Amino acid sequence: MKRVVAKVIVTPKPVVNDPQGLTVKQGLATLGFREVEDVRVGKYIEVSLDAENMSEARERVEAMCRQLLANHVIEDFRFEIDHEGRDTRR
Amino acid sequence: MKFGVVVFPGTWSDRDCGWVIDQVVGAELQYLWHKDTDLKGCDCVILPGGFAYGDYLRTGAIARFAPLMEEIGEFADRGGLVWGICNGFQILCEAGLLPGALIRNASLEFRCEWTNLVVERTDLAYTSEILIEAWRIHSRPIAAEASKKRSPQEEGQQLVARVFDVHTHLYMRYMCI
């Protein structure tokens, strides 16, 4: 078993209005960052897990996203998995 | 009629609901702890407002794992009366007992105001027997994809009341059951 870290990013779907993002965009404009075209606010979640291999890790993290980490009605998710390089086998 | 009021860690309007049932309606009241595994013979279960489990991850996302929620799901499947208020409504969405999801309102402001409701269905227990006096709007429920997949008939049945804005004369769709 290897310890890996899944870096999950959850974002509001493009069709979903994101008033948080709009408010941040207005704040940036107030600070003079007028080149800002759009801001979307989402969530970043790190999940450390043990898996036999990367394919198993991807499958498990995908299931976690579908069942809990993201709400599929209003949110999209994507993730990447990094090796932590630690062998957890005793 | 016996009413159950569900209490999660972070629920705060359980005592308000309890006071209305006990002191105003004069019905039998039973508080139900989220770790309970039975509904103690309640005929109607109310999920009050608050911030169950600190609204961690998403509002209602964690509360749906409470042992009592499984009972409430089965109770609803059998035709039992379940009433979600505010955070309770959000929990019912996350638990899959109601379709759709909730997003933040456009103003990002807490809005508490008198509003006009147009009741679309008067054949339900709540709308035929209970006078709705006030409707507090925290956030805007959206139908999103879940409702798009539903037939107009199904969607029509889900629509219990609509909020009517007297200033703009616009209806805002409100789905709940």
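The rules we used
Residues numbered from 1 in each chain as written. Chains lettered and ligands numbered in written order. Predicted model: local features only at pLDDT ≥ 70, side-chain atom pairs only at ≥ 80, totals over all residues. Heavy atoms only, no water. Pairing = 2+ DSSP bridges. Helix = DSSP H or I, 4+ residues; strand = E, 2+ residues; numbered from the N terminus. Axes fitted to C-alpha atoms, helices over the stretch in contact; angles between N-to-C directions. Contact = heavy atoms within 4.5 Å. Phe/Tyr/Trp six-rings, centres within 6.5 Å; stacked < 30°, edge-to-face > 60°. Lys NZ or Arg CZ within 6 Å of the ring centre and 35° of its normal. Buried area = accessible area lost by both parts, 1.4 Å probe. Salt bridge = Lys/Arg side-chain N within 4 Å of Asp/Glu carboxyl O. Buried < 20%, exposed > 50% of the residue type's maximum accessible area, 1.4 Å probe, protein only. Patch = residues over 30% accessible without salt bridge, like charges linked within 9 Å, V, L, I, M, F, W, Y side chains within 5 Å. Areas by Shrake-Rupley, 256 points an atom, 1.4 Å probe, with all protein chains shown as cover. 1 Å grid on protein atoms, 1.4 Å probe; cavity = no way out; pocket = protein on both sides within 12 Å on 5 of 7 lines; lining within 4 Å. Points joined across faces, edges and corners; volume = space filled by probe spheres on them. Polar contact = N/O pair within 3.5 Å; in protein donor to acceptor, adjacent residues only side chain to side chain.

(A) Spatial organisation of the sheet that holds strand β2 (residues 28-33) of chain B. Residues and elements named next belong to chain B. Taken in spatial order, the four strands of this open sheet run β2-β1-β3-β4, and their pairing is parallel. Two strands lie at the open edges of the sheet, namely β2 and β4 (81-84), each paired on one side alone. With direction set aside, neighbouring strand axes in the sheet form an average angle of 25°. With six bridges joining them, strand β1 (residues 2-7) and β2 adopt parallel strand pairing. Note on β2: the bridge partner recorded for Gly4 is Gln30. Along the sheet, helix α1 (residues 14-25) makes contact with β1, β2 and β3 (44-47), crossing β2 at roughly 160°. Against the sheet, helix α3 (residues 87-94) contacts β3 and β4, and its axis sits at roughly 120° relative to β4.

(B) Inspection of the packing of aromatic side chains at higher detail. Going through the model one piece at a time under the given rule, you end up with one aromatic pair over all chains. We note Arg15 of chain B situated over the ring of Tyr31 of chain B; from NZ or CZ to the ring centre the distance is 4.4 Å.

(C) Region of the structure containing the interface of chain B and chain A. Contacts between chain B and chain A engage 19 residues on the former and 17 residues on the latter. Carbon and sulfur atoms supply 63% of the area that chain B and chain A bury against each other, a total of about 1300 Å² over both sides. Considering only the side of chain B, the residues that lose the most area to chain A are Leu57, Arg58 and Leu108 of chain B, jointly responsible for 37% of the buried surface there. Summed over the shared surface of chain B and chain A, the result is one salt bridge.

(D) Looking closely at the environment of Ile46 of chain B. Residues and elements named next belong to chain B. By the secondary structure assignment, Ile46 is in strand β3. On the basis of relative accessible area, Ile46 is assigned to the buried category, the value being 4%. It is 10 Å that separates the C-alpha atoms of Ile46 and Gln30, two residues lying 16 residues apart in sequence. Beyond its immediate chain neighbours, meaning those up to four positions away, Ile46 contacts Phe3, Gly4, Val5, Val6, Cys17, Ile21, Trp83 and Ile85.

(E) Molecular detail of a nonpolar patch on the surface. Judged by side-chain polarity, Trp19, Val20, Val24 and Val25 of chain B come together as a nonpolar surface patch covering roughly 400 Å² of accessible area. Mapping Val24 of chain B onto the fold places it in helix α1.

(F) Structural detail: α3 of chain B. Burial of α3 of chain B is extensive: eight of the eight residues sit out of reach of the surface. A positive backbone phi angle near 85° is found at Gly96 of chain B, which sits one or two residues after α3 of chain B.

(G) Highlighting the layout of surface pockets. By volume, the second largest pocket amounts to about 910 Å³. In terms of lining residues, the second largest pocket is bounded by 37 residues, among which Thr59, Gln90, Leu102, Ile103 and Arg104 of chain B are the most central. Looking at the lining of the second largest pocket, the elements with two or more residues in it are β1 (2-12) and α1 (19-30) of chain A together with α3 and β5 (101-103) of chain B. Looking at which element gives the most residues to the lining of the second largest pocket, the answer is α3 of chain B, with four residues.

(H) Structural context of the side chain of Asp36 of chain B. Within the secondary structure, Asp36 of chain B is located in the loop between β2 and β3. Of note is the side chain of Asp36 of chain B, whose polar atom sits 3.3 Å from the side chain of Lys40 of chain B.

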